[in-house]
Structures are given as C-alpha cells and as structure tokens.
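These are the residues of each chain, in order.
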Amino acid sequence: MADELRARIMSGVLRPGQRMPTQAELVDEFGVERGAVRQALRLLQSERLLTDVSKGSPARVAPHPASALTGPGAPPLPTTVALGPRVAEAFAAPHVEIDALCLTSVSLNLALGEPLRRMHAGQLKPAKIDMRVLLPSRNIHLAFPVPVERHGDDDLVHERWVAHRNAQVQVLQHNLLALRTLHGVDARVSFRALPFTPPVKLYLLNGAEALFAYYTLRRREEEIDHEPLQMYDTEGTRSMLFAFEQGAGPRDTTFVEQSHLWFDALWETISSELVLTS
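Residues numbered from 1 in each chain as written. Predicted model: local features only at pLDDT ≥ 70, side-chain atom pairs only at ≥ 80, totals over all residues. Heavy atoms only, no water.

(A) Examining the pattern of salt bridges more closely. Inspection of every chain in the model, using the stated rule, returns 15 salt bridges. Between R86 and E209 there is a salt bridge whose closest N-O contact spans 2.7 Å. Taken together, the positions of R86 in helix α5 (residues 79-90) and E209 in strand β9 (residues 209-214) put the pair 123 residues apart, joining distant regions of the chain. The burial state of R86 is the same as that of E209; both residues are buried. D130 serves as the salt-bridge partner of K128, at 3.9 Å between the closest nitrogen and oxygen. Its relative accessible area of 31% is what places K128 among the partly exposed residues. Salt bridges sharing partners connect three or more residues here, namely R160, R220, E222 and D233. (Salt bridge = Lys/Arg side-chain N within 4 Å of Asp/Glu carboxyl O. Helix = DSSP H or I, 4+ residues; strand = E, 2+ residues; numbered from the N terminus. Buried < 20%, exposed > 50% of the residue type's maximum accessible area, 1.4 Å probe, protein only.)

Below is the structure:
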C-alpha cells in the first residue's frame, strides 16, 4: 500500500500540497484494516512525502516530495521508487554518464521512462549520453535464479533468464540509440559480460552519485513450460537502494570514488563481450 501511494506521489497523480484520500477511502480501496492504513501513512510521513498525518483531517502530500527521495538524508527506498527520480536528475546535465552493474537491467529501463518522456517532450536535451552496463554472462552457472530442487530444470530457468536479460538489453539499446535519430543526441550504450552472478546492484550517475542495493533471495513459485517450479530468485526492482553522494562527507565521497574504481576494474579486466544469442 505504501509503495502504491508513494508511486502516485512521485508520478504526480497525487500533487504537492494535495489532500490525501481519507483513511476510510483507503480502507475501501486497498481492502485492509484502518491500522494498516495508518501504518502506511506514517511510513510515508517518515520519508517526508506526507505531512499532517497525525491530525484529524486527511494528510497532505509534502510541498516538495521529489527532494525527499533525492536530497541529502533521503532514506533508503525500493529501487523502483528511488532510482527514477535520481536518473531524471542526472539527465538534466549536458553530459549524462551512467554506469550500471545488475542482473537484467529491468530497473534501469524502468527508471529511464520519465527522462526519456521528458526528452521527447522537449523538456530535457542533454548533448551527450554515455552508458555502460555490466551483466552476467550467459555462459556461467548462475547463483540465482535457480530451481530449489535440481532435477534437470536448471537449463529451463537459465534459458528464461537469458531471454529476459537479452530483451532488456535490446530495449535499452533501442531507447538510447533512438535519441540520435529523433533528437540528434550523441547517445552511446555499451555492454560487457561478467563471469559471476552479482550479489548487489550498483548505479553510478554523472560521477557524483553511487546507488547501491543488495539482491535479497526468496523462494517463489513460477510456471515454466506449463509446470509449477519452486525456485530461488530475487525481485531486484524492490531491493532497497542506498544513496551515496560525492561531497556529502568523507564516507559518501570515498564510497562513490571506490565504486567507480571497482566498476572500471571489472569493465577493463575480467568482463568480456556481451553475447545476446541464447
């Protein structure tokens, strides 16, 4: 419930200063008890997205909700919530530089939706975009996703992951390179393959910010070839994203610098050409 309301606030469906629906209306919409509604509202207030939660009247959206997620002291939030606003801010620079290490790049594609929309609307126009993405190689035995019981199902799970990774790469390539044709932007995107399954995801924005999250595994069931299969997998879009900013103190600055050194070392040494064929 908090995730849905947060998304409405950040997308502008619920505007800054607007009154929220009443608790009774939220109970009816989400089919939960009033205590759950209060808990969700208090959580959003702790993230500085809502004000006046404890008063008798409905809460209000904060005057500047975007800064609550991207400004100094912003709390860790799910990747789908926190990454988009930060990527949109990065696209306001004349030269956009984004490095990403991840499992499939689905979160990155989702985060690019808003800045790309604003570019097509003429609201943003960076002169140059450079993007580098590190993804696991198709030739390795992934640590995840994998079946819980190994009975010859590994190939099916692996093939499905490869197809998903390749589809996300192709979407990313298409969206970035289309900016050359449509808007004359010098947009470049490069991919390299890693010989291991990354246990974390990392996004480096314009040399000034590092966004870091753990891939947390869980057991879930998915249908593959019309058969239910128990597997260990992660929902990377919901991984909690921690932000570190250059100049925000010795700890943050060092983390950003070391993250760049780590990414560059992987890119220049043990990574290889990314092959899209399954």
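(B) Here's a closer look at the confidence of the model for the protein chain. Taken residue by residue, the protein chain gives an average pLDDT of 89. The fraction at 70 or more is 94%. Mean pLDDT values for the elements of the protein chain range from 62 in helix α4 (residues 65-70) up to 98 in strand β4 (residues 95-101). (pLDDT = per-residue confidence, 0-100.)

(C) Local environment of the sheet that holds β4. Judged by pairing direction, the sheet is mixed, and its eight strands sit side by side in the order β3-β12-β9-β8-β4-β5-β7-β13 without closing on themselves. Lying at the two open borders of the sheet, with one neighbouring strand each, are β3 (77-78) and β13 (272-273). For strand β8 (residues 200-205) and β9, the ladder comprises six bridges, and the chain directions are antiparallel. Residue pairing for β9: V200 is matched across the bridge by Y214. Here helix α6 (residues 106-120) sits on the sheet and contacts β4, β5 (128-136) and β8; the angle it forms with β5, its principal contact strand, is near 165 degrees. Relative to strand β12 (residues 240-245), helix α8 (residues 250-268) is tilted by about 105 degrees, and along the sheet it contacts β4, β5, β7 (186-194), β8, β9 and β12. (Pairing = 2+ DSSP bridges. Contact = heavy atoms within 4.5 Å. Axes fitted to C-alpha atoms, helices over the stretch in contact; angles between N-to-C directions.)

(D) Region of interest: the pairing of β4. For β4, the buried fraction is high: five of the seven residues fall into the buried class. Direction of pairing for β4 relative to β5: parallel, over a ladder of seven bridges. Its bridge partner being in β5, A100 is matched across the sheet by V133. For the crossover from β4 across α6 to β5, the handedness is right-handed. Where β4 lies against β8, four bridges are found, and the strand directions are antiparallel. The residue bridging L101 from the neighbouring strand is L202, located in β8. (Right-handed = clockwise from strand over helix to strand, strands pointing away.)

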